[in-house]
Amino acid sequence: MDSSLLEKLSRLPSIKRRIEYLAKETAELTGLAGFPLYLTLLFEADALFLNDDRHLNNIAVLEKDGHYDYCPIFDNGAGLLSNTQSAPMEIEPKALTRTTTARPFQTTFNRQVIHARNLFGPQLHIPKFTEMQIRAELEEPLAYYAKRDRDLIARRVCQTVLVRQKEL
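Since the model is a prediction, treat every value here as computed from it, not as a measurement. (Residues numbered from 1 in each chain as written. Predicted model: local features only at pLDDT ≥ 70, side-chain atom pairs only at ≥ 80, totals over all residues. Heavy atoms only, no water.)

### Regarding the pattern of salt bridges
On inspection of all chains with the given rule, the structure shows 10 salt bridges. For Arg-117, the salt bridge is made with Glu-44, and the minimal N-O distance between the two is 2.6 Å. Taken together, the positions of Arg-117 in helix α5 (residues 109-120) and Glu-44 in helix α3 (residues 35-49) put the pair 73 residues apart, joining distant regions of the chain. Taking the shortest distance from any N to any O, the salt bridge between Arg-155 and Asp-151 comes out at 3.1 Å. In this pair, Arg-155 and Asp-151 are both assigned in helix α7 (residues 147-167), 4 residues apart and thus about one turn of the helix distant. Arg-155 gets classed as partly exposed once you look at its relative accessible area, which sits at 38%. (Salt bridge = Lys/Arg side-chain N within 4 Å of Asp/Glu carboxyl O. Helix = DSSP H or I, 4+ residues; strand = E, 2+ residues; numbered from the N terminus. Buried < 20%, exposed > 50% of the residue type's maximum accessible area, 1.4 Å probe, protein only.)

Given below as structure tokens:
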């Protein structure tokens, strides 16, 4: 009986070997030679926005008539420290960025990205955002929140992105 992907990955001795196995096996099974690059990009985007919900079911490809294609990046709702149960609003984002765990390999975001980049090269070129640029991008989505919460949310998002872009 075949073991599950999770079981196979857990038997590998390091995060680096797990990333390599997932990337290369998926590329081989799907014929998507660039899947290792896609996976690296996915991990880099998750690291920038601290999306801690990239479990194995949130890494996908599209299949139609036996042909595979890359899936748009999806399920980013846990990013930017939005889960206030695990990232309380009263704790500064800088402190939370050090303790947030990256999935699917239960390590730090930086370690996951470093291993993927060492294996497959960097994929995401992160511009240096300013707080003013981030706030401008937030204007429209913040309109859906209560006025009393908008500045708090904007500050939290800005601090998170500014800290993470420095680290990456």
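### Considerations on the packing of helix α2 (residues 15-30) against α5
The interhelical angle for the contact between α2 and α5, taken along N-to-C directions, is 55 degrees, at an axis separation of 9 Å. Accordingly, the angle class assigned to the pair α2 and α5 is oblique. Pair α2 / α5 crosses with right-handed handedness. Contacts between α2 and α5 involve Ile-15, Lys-16, Arg-17, Ile-19, Glu-20, Ala-23 and Lys-24 from the first element and Gln-112, His-115, Ala-116, Leu-119 and Phe-120 from the second. Counted by class, the contact of α2 with α5 contains 6 nonpolar, 2 polar and 4 charged residues. (Axes fitted to C-alpha atoms, helices over the stretch in contact; angles between N-to-C directions. Parallel < 35°, antiparallel > 145°, perpendicular 65-115°, else oblique. Left-handed = near helix turned anticlockwise from the far one by under 90°. Contact = heavy atoms within 4.5 Å. Nonpolar A, V, L, I, M, F, W, Y, C, P; charged D, E, K, R; others polar.)

### Notes on the nonpolar core
With 25 residues, the main nonpolar core has Ile-19, Leu-22, Phe-35, Leu-39, Phe-43, Ile-59 and Phe-105 as its most contacted residues. Looking at this core, the elements that each hand over two or more residues are α2, α3 and α5. Counting residues per element, this core draws most heavily on α3, at 6 residues. Not counting the four nearest positions on each side in its chain, Leu-39 is found in contact with Ile-19, Leu-22, Ala-23 and Ile-59. (Core = buried A, V, L, I, M, F, W, Y, C linked by side-chain atoms within 4.5 Å.)

### A word on the packing of α3 against α5
Interhelical geometry of α3 versus α5 gives an angle of 155 degrees and a closest axis separation of 9 Å. For the element pair α3 / α5, the angle class is roughly antiparallel. In this structure, the crossing between α3 and α5 has a hand that is left-handed. On α5, the residues touching Pro-36, Leu-37, Thr-40, Phe-43, Glu-44, Asp-46 and Ala-47 of α3 are Phe-109, Gln-112, Val-113, Ala-116, Arg-117 and Phe-120. Looking at the contact of α3 with α5, its residues break down into 8 nonpolar, 2 polar and 3 charged.

The values are spatial; any link to function lies outside them.
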